[in-house]
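Reading the structure
What follows is the residue order along each chain.
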Amino acid sequence: EKGGYDYFMLKEIAEQPKAVADTLLGRIDRAGSLSLDEVRIPASVLREVDKVVIVACGTAFHAGLIAKYAIEHWTRMPCEVELASEFRYRDPILDPRTLVVAISQSGETMDTLMALRHAREQGAKVLAICNTNGSTIPRESDAVLYTHAGPEVAVASTKAFLTQLVACYLVALYLGQVRGTKWGDEISAVIHELSDIAQEVERVLATMEPVRELARTLADKNTVLFLGRHVGYPVALEGALKLKELAYMHAEGFAAGELKHGPIALIEEDLPVVVVVPSPRGRSVLHDKIVSNIQEIRARGARTIVIAEEGDEAVLPYADHLIRIPATPTLLQPLVSTVPLQVFACELATARGNEVDQPRNLAKSVTVE
Ligand code: F6R
């Protein structure tokens, strides 16, 4: 049942191109616009929405953080993202014009369920993004957009995360489409790019051997740091979470711009630091800033592991290890940049003799608060 792989996690990492393609299937029509008929919230209601609030836990929360960049850019509506476990305890401001998006692979996470119940009690509409048919969270929501990742067995989430991202992009683009923002042209271009993205994920998977080799050389380290900016920041958080869960190592993700506000004090000789570099084409200012961050940490002895787009030459002088990813539109980059981080954590866990599919102390679905 592991399909020839040693672990479910490896199988699920390998299934990502299909999972991504399946989640897009039937949701983009021939004219290149979105047809999300399954979102039963009428377009007239979606046009009245004035704020989006995303609630989720763990990896699904990281998908939500990325969704915020997409939703705010493509719809020009404010979007908040909150850990489901914090949400209802702070008396959040919700009303019938708030669209709450609850993201959950299992559909049974108690924190997320309690957050959406609270939101509905305040009159907000709830849209679930979920991977498990008929589970509690979609049953209790006003509408659901299913991710089609297929069953995810390994405790650490991989293919579910990528499909959550796809679903979030679809929701963002759909909101843009029904509300008619000035980004119309960009939206159709992105829908086009999104429909080709599974191939790009496939290309990344084909180049992962050096990442595995690198991971094995780091098995005796205590700490790994992850830096990113813009949508690369949640990717850094996700890379760190995967490493904690699987390799039981101290790992932290930071927004690269925060370095000089504290974290740079952690940099010491030979400390592995993974840096997710934004595209030099899109928001080039961010790209240049992160290149100087890499330069700064390397000057202080860090061992830099740089994830950068093909053709990005500016990183070459400062990368001790370079992991190439295909060029994508800025907002879609997490679909390709997360993959090496999953492979990295999985291989490090194996090198440390850990049980990859069943990390200690963790359960696949957390049904208590
Ligand atoms: C991380 C992981 C957890 C889950 C979190 C939410 O690899 O698996 O952080 O993402 O427990 O679970 P769901 O998505 O089922 O609500």
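Structure's up top.
In this report, we go over the structure that sits alongside the text. Owing to the predicted nature of the structure, the values given are computational and were not obtained by experimental measurement.

Rules of the game
- Residues numbered from 1 in each chain as written.
- Predicted model: local features only at pLDDT ≥ 70, side-chain atom pairs only at ≥ 80, totals over all residues.
- Heavy atoms only, no water.
- Near = heavy atom within 4 Å.
- Polar contact = N/O pair within 3.5 Å; in protein donor to acceptor, adjacent residues only side chain to side chain.
- Areas by Shrake-Rupley, 256 points an atom, 1.4 Å probe, with all protein chains shown as cover.
- 1 Å grid on protein atoms, 1.4 Å probe; cavity = no way out; pocket = protein on both sides within 12 Å on 5 of 7 lines; lining within 4 Å.
- Points joined across faces, edges and corners; volume = space filled by probe spheres on them.
- Nonpolar A, V, L, I, M, F, W, Y, C, P; charged D, E, K, R; others polar.
- Helix = DSSP H or I, 4+ residues; strand = E, 2+ residues; numbered from the N terminus.
- Contact = heavy atoms within 4.5 Å.

As a structural note, the neighbourhood of the ligand is formed by 13 residues, with Ser104, Gln105, Ser106, Thr109 and Glu245 the closest of them. Within the side chain of Ser104, one N or O atom sits 2.6 Å away from an oxygen atom of the ligand. Within the side chain of Ser106, an N or O atom sits 2.7 Å from an oxygen atom of the ligand. When the ligand is considered free in solution it has 410 Å² of accessible area, and contact with the protein chains removes 89% of it.

Turning our eyes to something else, we now look at the layout of surface pockets. What the largest pocket holds in volume is close to 550 Å³. Lining of the largest pocket is provided by 25 residues; of these, Cys57, Gly58, Thr59, Lys364 and Val366 occupy positions nearest its centre. Taken together, the residues that form the lining of the largest pocket break down as 9 nonpolar, 11 polar and 5 charged.

Once that is clear, we can look at the side chain of Ser279. Relative to the helices and strands, Ser279 resides in the loop between β8 (272-276) and α13 (284-299). Within the structure, Ser279 has its side chain in polar contact with the backbone nitrogen of Arg281 (distance 3.0 Å). If near-sequence neighbours (up to four positions away) are discounted, Ser279 is found in contact with His287, Glu309, Thr330 and Gln333.

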